[in-house]
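Residue-level structure breakdown
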Amino acid sequence: MISSLAILFSPDRQADRVVPPTGHTAWLTTFTAAAMTFLAVFALALSLAAGRLADRWSDALANTATIRISAPPEQMKQQTDAVLAVLGTTPGIASSRALTDDEQKALLAPWFGPDLPVEALPLPRLIEVTESPDGYDSEGLRQRLLAEAPGAVLDDHTRWRRPLANAASRLNMLGGLSIFLIGATMAAMITLAANASLAANAQVIRVLRLVGAQDDYIAAAFVRRFTLRAVIGAAIGAVAGMAGVALLPSVDEAGGFLTGLGFQGAGWLLPLLLLPVAGIVALFATRAAAFRKLREVQ
């Protein structure tokens, strides 16, 4: 391993002649590293974006609650006033207000369109609740609402926040698994390319052994050539992937569907970490393939 690392950072023209600079193994290694790194950039961007989106939604729902009042039209105002009165005397409630018909219409517009006749439909009245930093007793509030306004139901958004956190965790895990599989695929392809190159140069290897070359020296030559090809391909793939992420539609153009997809701030440097990772994968894959093939060549 030490000799492989030494020749990796110390060019040796004599050793470089052992491995042909062109041919199908050369473009296969570079293309594989570029394609796999390109996909890894998008997997990384998707994983980070999923975490940010879930955090944003969770923060938007934190410290808030909604009370839904379902009652006959003639009792709606009475129960709404009763709920607001209860909230006004509940410790831990910072503010509360009933949503207007226009606000409820705006909430339903994405599903039913902007022309929904809200005033003609028996829709429940929604009350927006903001809690103080100290919080409130949700169970005690539910009991008071049940006594004062039987048609009122408290929703503290817990059932929304927990699935978001679980979804973010699973998407991050899926992104990590995708990057691992991409790395494994790249290692397998580079191993095949190294095996093909070693097999094509079997006669050259025999001659080198006859003149006294050690297997470490021969293997290190292949390791350096294929590692450099992989790093060059990874650089091409990383740049292409970052350009692709940068060209994704903006939030306004995407209608909010791709909100936050991409890298932000220093996160744009993360794809560059894939270059040394690709080099390490190529180094170990090529070294293992080289010594395995050298044992077969007599």
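Below is a short write-up of the structure.

Conventions adopted
- Residues numbered from 1 in each chain as written.
- Predicted model: local features only at pLDDT ≥ 70, side-chain atom pairs only at ≥ 80, totals over all residues.
- Heavy atoms only, no water.
- Helix = DSSP H or I, 4+ residues; strand = E, 2+ residues; numbered from the N terminus.
- Contact = heavy atoms within 4.5 Å.
- Expected span 1.5 Å × (residues − 1).
- Buried < 20%, exposed > 50% of the residue type's maximum accessible area, 1.4 Å probe, protein only.
- Patch = residues over 30% accessible without salt bridge, like charges linked within 9 Å, V, L, I, M, F, W, Y side chains within 5 Å.
- Areas by Shrake-Rupley, 256 points an atom, 1.4 Å probe, with all protein chains shown as cover.
- Salt bridge = Lys/Arg side-chain N within 4 Å of Asp/Glu carboxyl O.
- Pairing = 2+ DSSP bridges.
- Axes fitted to C-alpha atoms, helices over the stretch in contact; angles between N-to-C directions.

So, on to the environment of F291. Here F291 lies in helix α10 (residues 274-296). Each residue touching F291, except ones within four places of it in the same chain, is listed here: D215, D216 and A219.

Once that is clear, we can look at helix α4 (residues 73-88). For α4, built from 16 residues, the straight-helix expectation of 22 Å at 1.5 Å per residue is met to within 8% by its first-to-last C-alpha distance of 23 Å. Along α4, the positions that sit buried rather than exposed are M76, Q79, T80, A82, V83, V86 and L87. Buried residues along α4 sit in contact with β1 (64-69), β2 (93-98), β3 (125-131), α6 (138-148) and β4 (152-155).

With that settled, consider a nonpolar patch on the surface. Together, L171, L174, L177, F180 and L181 give the surface a local cluster of nonpolar side chains, amounting to about 500 Å² of exposed area. Relative to the elements of secondary structure, L181 occurs in helix α7 (residues 158-200).

As a further point, take the environment of P124. Mapping P124 onto the fold places it in the loop between α5 (101-112) and β3. For P124, a relative accessible area of 26% corresponds to the partly exposed category. With 55 residues separating them in the primary sequence, P124 and I69 have C-alpha atoms 5.3 Å apart. For P124, the residues in contact, after removing those within four places along its chain, are R68, I69, S70, M76 and Q104.

It is worth spelling out the pattern of salt bridges at this point. For the structure on display, the rule yields 3 salt bridges. For K77, the salt bridge identified is with D81, shortest N-O distance 3.0 Å. Of this pair, K77 and D81 are both found in helix α4, 4 residues apart, which corresponds to roughly one turn of the helix. According to the relative accessible area criterion, K77 is exposed, its value standing at 60%. For R97, the salt bridge identified is with E103, shortest N-O distance 3.0 Å. Taking relative accessible area as the criterion, R97 reaches 37% and is therefore assigned partly exposed. Connected via shared salt-bridge partners are R97, E103 and E128.

The next point concerns the sheet that holds β2. Strand pairing in a sheet takes place through backbone hydrogen bonds and is either antiparallel or parallel in direction. Taking strand neighbours across the sheet as the criterion, the 4 strands line up as β2-β3-β1-β4 in an open arrangement whose pairing is antiparallel. On the outer flanks of this sheet lie β2 and β4, each paired with one strand and no other. The mean inter-strand angle of the sheet, taken between neighbouring strand axes irrespective of direction, is 20 degrees. Examined bridge by bridge, β2 and β3 share 5 bridges and lie antiparallel to one another.

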